[in-house]
Amino acid sequence: MKKKRIGLILASIHSGSANQVCSSLIKEASLFDTSFYIFPGGRLNAKANSEYLRNAVYNLANKKNIDGLISWASAIGGAVSLEELTDFHKKFEQVPFVTISQKIGGHSCVNFDAYSGMAELVNHFIKVHHITKIAFLRGPENHGSAADRYRAFCDTMEQAGISVENSPLISDPFEWRSGKEAIIQLCEKRRLVPGKDFSALLAASDIMAFDAIAYLQKKGFEVPDDYLAAGFNDVSKSRMLLSALTTVHMPYRTMGLNSYELIL
C-alpha cells in the first residue's frame, strides 16, 4: 500500500489498439514501481451490444482506490458529445488525472499527430501507387482524432488536385465498430464497385478496415487484386490478413510513458 496507485479507465481491453496501449502502460507501471488498476467500463451510453451496462465500472475509480488516474478519453467518449464526455470526467476531479487523445479542460492530455499520419497515408497512395480514386470510411463524428483523420484525407486530396466536395466515395461518420455498415453505404446504397469506382479503400481505423474487407470478400472482391486497402492504429490483427494491411502506427509506448510521467 506504500506504492502509488494509478488507475486507467478505457472502453475495453480486448479490441482495437487497446491491448497495445494497456501492455505499454503495464510496462511503465512496473518501471515506476507503482500499483496499476484497469477499469474497462465501455463507451459512454453506447447501445450496441449493451456496452453501456459496463459504465458502472467507472464508479470504482475513486480516491479511495487510486491516487491518480489516466483516462483514455477518446475511446470512452466515442458515442457521446464532447460536452457529455467533459461532464463525465467531473466525477474524477478528486484525484489528479490526465487524458489520452482527447483534451478535457484544465487537465493535461497526451496526444498524437493523427492529421500528419493520415496525410502521409493518403500521399502514399497518390504518389507511390498513383491512385486518385480513393474511398474513405469516416470514424465517429464526436471523436477528435477521427475528425483529424478525415480533415487530413480531404486536405491531402485537395492539395493533389483531387476534389472531394460532395464526393460519393466518402462515407458518413460511423462508429469504430461499424465498418461493415460504412462499406454497405458505399457499395450497396451508392452502388460503387471496388476496382471500378475506387482503386483504394482507406478507413479511419483498422477495425473499420477489417470489417469492410471481410464484407467485400464475401461479395467476391479481394485485396490486393481488386483494390488496395489501408487503416489506422497498427493493431496486431493488421498483420494477420491474407494481404497485410497498410496502416499508420500509433506511438503506444511513448504515450504510455508520457501519461505516467505526467500523472506522477
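Predicted, not measured: the structure shown is a model, and the values here were computed from it.

Draft legend 1. How the structure looks around empty space enclosed by the protein. Overall, the coordinates contain one cavity of 30 Å³ or more when judged by the stated rule. Considering only enclosed or pocket space, the largest cavity measures out at about 320 Å³ in volume. Lining the largest cavity are 21 residues; nearest its centre among them are Ser-17, Trp-72, Ala-75, Trp-176 and Asn-233. Listing elements by their share of the lining of the largest cavity, those giving two or more residues are helix H2 (73-76) and helix H5 (144-159).

Draft legend 2. Representation of helix H1 (residues 18-31) within the structure. Helix length check: H1 (14 residues) gives 20 Å between terminal C-alpha atoms against 20 Å at 1.5 Å per residue, within 8%. Of the residues making up H1, those classed as buried are Ala-18, Gln-20, Val-21, Cys-22, Ser-24, Leu-25, Glu-28 and Ala-29. Where the residues of H1 are buried, they touch strand S1 (5-10), strand S2 (35-40), strand S3 (68-71) and helix H8 (252-263).

Draft legend 3. Spatial organisation of the sheet that holds S2. If you walk across this open sheet you meet the five strands as S2-S1-S3-S4-S5, and the pairing is parallel. With one partner strand each, in any of the chains shown, S2 and strand S5 (109-110) form the two edges of the open sheet.

Draft legend 4. Examining the layout of surface pockets more closely. Taken as a whole, the largest pocket holds about 320 Å³ of empty space. Ile-213, Val-223, Leu-241, Leu-242 and Ser-243 are, among the 19 residues lining the largest pocket, the residues nearest its centre. Elements supplying a minimum of two residues to the lining of the largest pocket: helix H7 (206-218) and strand S8 (228-230). The dominant element in the lining of the largest pocket, judged by the number of residues it contributes, is H7, at five residues. Taken together, the residues of the lining of the largest pocket sort by class into twelve nonpolar, four polar and three charged.

Each value, and the rule that gives it
- Each chain has its residues counted from 1, running along the sequence as written.
- pLDDT decides what is reported in this predicted model: residues at 70 or higher carry local features, side-chain atom pairs at 80 or more are listed and counted, and totals for whole chains, interfaces and linings draw on all residues regardless.
- Based on all heavy atoms of the structure, the side-chain values leave hydrogens and waters out of the count.
- Only protein atoms enter the 1 Å grid, on which a cavity is a set of points fitting a 1.4 Å probe that cannot get out and a pocket is an open set with protein on both sides within 12 Å along at least 5 of 7 lines, lining residues being those with an atom within 4 Å of a point.
- Grid points are joined across faces, edges and corners, and a volume is the space filled by probe spheres set on the points.
- Runs of H or I in DSSP of at least four residues are treated as helices and runs of E of at least two as strands, each being numbered from the N terminus.
- Multiply 1.5 Å by the residue count of a helix minus one, and that product is the helix's expected span.
- Here the term buried applies to any residue with accessible area under 20% of the maximum for its type, exposed to any over 50%, and partly exposed to those in between, with areas from a 1.4 Å probe on protein chains only.
- What makes two residues a contact is simply this: any of their non-hydrogen atoms within 4.5 Å.
- Any two strands are treated as partners once DSSP identifies two or more bridges connecting them.
- Asp, Glu, Lys and Arg are counted as charged, while Ala, Val, Leu, Ile, Met, Phe, Trp, Tyr, Cys and Pro are counted as nonpolar; the rest, among them Gly, fall into the polar class.

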